[in-house]
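Architecture at a glance
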Amino acid sequence: METTTAVWAVFAAAAAVIYWFVWVMGAAEVKGKRAVDLKMGSITRDKVQDKYKQYWSFFRRPKETAGDSTNVPAFVDTFYNLVTDIYEWGWGQSFHFSPSIPNLSHRDATRIHEERAADLINARPGLKVLDVGCGVGGPMRAIAAHSRANITGITINEYQVARARAHNRKAGLDSICDVVCGNFLSMPFADASFDAAYSIEATCHAPKLQDVYREIYRVLKPGALYVSYEWVTTPLFRADNQEHVEIINGIERGDALPGLRSHDEIAAIAKEIGFEVLEEKDLAKPPAGPWWTRLKMGKIAYWRNHLLVSALTMLRIAPKGVVDVHEMLYETAGHLTRGGETGIFTPMHMILCRKPSTATVAADE
Ligand SMILES: C=C(CC[C@@H](C)[C@H]1CC[C@H]2C3=CC[C@H]4[C@H](C)[C@@H](O)CC[C@]4(C)[C@H]3CC[C@]12C)C(C)C
Ligand SMILES: C[S@@+](CC[C@H](N)C(=O)[O-])C[C@H]1O[C@@H](n2cnc3c(N)ncnc32)[C@H](O)[C@@H]1O
């Protein structure tokens, strides 16, 4: 009898260890990050909590009192120092949403959403394509593998550049994928140097969409295509509805956004810059499956993650401040979910543009 109990105890302990590594630590091969490796980008351990406080006091201000927006890129950089590892660990290497597809994994649904962008700009071997706001390069690698185009990504966050380059090497795609650190409001690229461009859930960080679209227009060759997945409020948003306003403010605060734009501003801005608008569509609309279920269905997982980051902080494995950042993301997930459920917000307002083939670089500057 005692032997049987001992065997069961060993069996239970082994099962707990397997559970810990597979579920709690996450599948690092797929996501690229384990909980025990949570750093906070290029912020030194002792500064994490202060940086979080600075971020929070900057982005929780109401837009109306925010004033000068020149500091936004610096705070967006701080934001990505704070969240990049948590995103990779808890979500994966693609920092965006995608419509859910019945019987398909999140991973496959994500890849299909990325390949759609590649197909819209007709990415193909030999083309020089720009990824505006590339994160750690999940979309870049999927698009490069799908199209064999040469992709250059730009991100404001130095830590993401290192992560993206390491992932590119590991995936064997570093000969066709590269990443540079820079501000997409003033890019370190020559005029008319790219054949196509895309941005996935990144230009929402620009205080003025005109400024980033103007830069993209400048670096594209005449006739080049550009596609963007924009975060916007939909026609269902009502500025006089208190719940709507709270949801949108919550999304802005927890995602480093200087102010969400309305769906009807996007094409107008693209045209103002000189682009021809070929197509515009909310990719979240039915028959697309809801993008927010991945966030919602993970509630139990969030609590598990919360306990894990708390334990790692207590053991001084993770720096102080990680729990605050995780808490902020948990709250944000709630606002994003409500934004999806009410239909007032979409993270995939797609706009496909072309720089006119008649555009001359000198005349446009
Ligand atoms: C495009 C942007 C980012 C979109 C998403 C990739 C992220 C938005 C909210 C993030 C998350 C919320 C909850 C976290 C959870 C509490 C934690 O345990 C594990 C990670 C989360 C799921 C995290 C993952 C990434 C998001 C879904 C913005 C910034 C423009
Ligand atoms: C939500 S992430 C999306 C990343 C990537 N497109 C993806 O889907 O995985 C937004 C990205 O935009 C970048 N970004 C935000 N503001 C920027 C700026 N001013 N200049 C360059 N990159 C910026 C961030 O550093 C981050 O990499």
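As a starting point, this report considers the structure included with it. Bear in mind that the values here come from a model prediction, so they are computed numbers and not experimental data.

What counts and how
Residues numbered from 1 in each chain as written. Chains lettered and ligands numbered in written order. Predicted model: local features only at pLDDT ≥ 70, side-chain atom pairs only at ≥ 80, totals over all residues. Heavy atoms only, no water. Helix = DSSP H or I, 4+ residues; strand = E, 2+ residues; numbered from the N terminus. Expected span 1.5 Å × (residues − 1). Buried < 20%, exposed > 50% of the residue type's maximum accessible area, 1.4 Å probe, protein only. Near = heavy atom within 4 Å. Polar contact = N/O pair within 3.5 Å; in protein donor to acceptor, adjacent residues only side chain to side chain. Areas by Shrake-Rupley, 256 points an atom, 1.4 Å probe, with all protein chains shown as cover. Nonpolar A, V, L, I, M, F, W, Y, C, P; charged D, E, K, R; others polar. Phe/Tyr/Trp six-rings, centres within 6.5 Å; stacked < 30°, edge-to-face > 60°. Pairing = 2+ DSSP bridges. Right-handed = clockwise from strand over helix to strand, strands pointing away. Salt bridge = Lys/Arg side-chain N within 4 Å of Asp/Glu carboxyl O. Axes fitted to C-alpha atoms, helices over the stretch in contact; angles between N-to-C directions. Parallel < 35°, antiparallel > 145°, perpendicular 65-115°, else oblique. Left-handed = near helix turned anticlockwise from the far one by under 90°. Contact = heavy atoms within 4.5 Å.

**What to know about helix α14 (residues 322-342)**
Spanning 21 residues, α14 covers 30 Å between terminal C-alpha atoms, matching the ideal 30 Å at 1.5 Å per step. Of all the positions in α14, only V322, V325, H326, M328, L329, T332, A333, L336, T337, G339 and G340 are classed as buried. Among the residues trailing α14, G343 stands out with phi positive, at a value near 80°.

**What about the site of ligand 1?**
Not every one of the 22 residues close to ligand 1 is listed here, only the nearest: Y80, E201, W231, N305 and H326. One of the side-chain N or O atoms of N305 is found 2.9 Å from an oxygen atom in ligand 1. Taking H326, its side chain carries an N or O atom lying 2.6 Å from an oxygen atom of ligand 1. In the complex, 99% of the free accessible area of ligand 1, which totals 640 Å², lies under the protein chains. Elements that contribute at least two residues to the shell around ligand 1 include exactly α5 (72-90), α13 (299-314) and α14. Classifying every residue of the shell around ligand 1 by side-chain character gives 15 nonpolar, five polar and two charged.

**Considerations on the site of ligand 2**
Of all residues adjacent to ligand 2, which total 19 residues, the nearest are F95, G133, T155, Q160 and F184. At 2.9 Å, a side-chain N or O of N183 approaches a nitrogen atom of ligand 2. Considering ligand 2 on its own, with 590 Å² of exposed area, one finds that the protein chains cover 97% of that surface. When its residues are assigned to classes, the shell around ligand 2 shows nine nonpolar, nine polar and one charged.

**A short note on the packing of aromatic side chains**
Per the stated rule, a full pass over the model turns up 22 aromatic pairs. Ring centres of Y52 and W56 lie 6.4 Å apart, and the angle between their planes is 15°; on these two criteria the pair is classed as stacked. Of this pair, Y52 and W56 both sit in helix α3 (residues 48-59), four residues apart, which is roughly one turn of the helix. What makes Y52 buried here is its relative accessible area of 12%.

**Structural notes on unusual backbone geometry**
Backbone torsion omega between P286 and P287 reads 10°, so that peptide bond is classified as cis. Tracing the chain through its elements places P287 in the loop between β7 (276-282) and α12 (293-296). Its identity is not glycine, yet N122 carries a phi of approximately 55°, on the positive side. Overall, the relative accessible area of 43% leaves N122 in the partly exposed class. With a phi close to 50°, A192 is a non-glycine residue in the positive phi region. Mapped onto the elements, A192 comes out in the loop between β3 (177-181) and β4 (194-200).

**A few points about the pairing of strand β2 (residues 150-155)**
Within β2, five of the six residues are buried, which leaves it mostly tucked inside the rest of the structure. Sheet topology places strand β1 (residues 128-132) next to β2; five bridges connect them, and they run parallel. Residue pairing in the sheet places V129 in a bridge with I151 of β2. Viewed along the sheet, the connection from β1 through helix α7 (residues 138-147) into β2 turns out right-handed. As paired elements, β2 and β3 share five bridges and run parallel to each other. Residue pairing in the sheet places I151 in a bridge with C177 of β3. Regarding topology, helix α8 (residues 158-170) serves as the crossover connection from β2 to the parallel β3, and that connection is right-handed.

**Things to note about the pairing of β4**
β4 sits mainly inside the fold: six of its seven residues count as buried. Both β1 and β4 contribute to a ladder of three bridges, which runs parallel. Residue pairing across strands places D131 opposite Y198, the latter belonging to β4. With six bridges connecting them, β4 and strand β5 (residues 220-233) associate as parallel partners. Counted as the bridge partner of S199 is S228 from β5. After leaving β4, the chain enters helix α9 (residues 209-219) and then returns to the sheet as β5, a path that is right-handed.

**A short note on the pattern of salt bridges**
Opposite charge on two side chains makes pairing possible when the charged atoms of those side chains draw close. Applying the stated rule across the entire model yields 13 salt bridges. With a closest N to O distance of 2.7 Å, R218 and D191 form a salt bridge. Here D191 lies in the loop between β3 and β4 and R218 lies in helix α9, a separation of 27 residues in the sequence. Residue classification places R218 among the buried residues on the basis of a relative accessible area of 13%.

**Some points on α9**
The element α9 is extensively covered by neighbouring structure, given that nine of its 11 residues are classed as buried. Within the span of α9, buried status applies to L209, Q210, V212, Y213, E215, I216, Y217, R218 and V219.

**Some words on the packing of α3 against α5**
Viewed as axis vectors pointing N to C, α3 and α5 meet at an angle of 135°, and their least axial separation amounts to 10 Å. For the element pair α3 / α5, the angle class is oblique. For the element pair α3 and α5, the recorded crossing hand is left-handed. Contacts from V48, K51, Y52, Q54, Y55, F58 and F59 in α3 reach V72, F75, V76, T78, F79 and L82 in α5. Its residues assigned to classes, the contact of α3 with α5 comprises 10 nonpolar, two polar and one charged.

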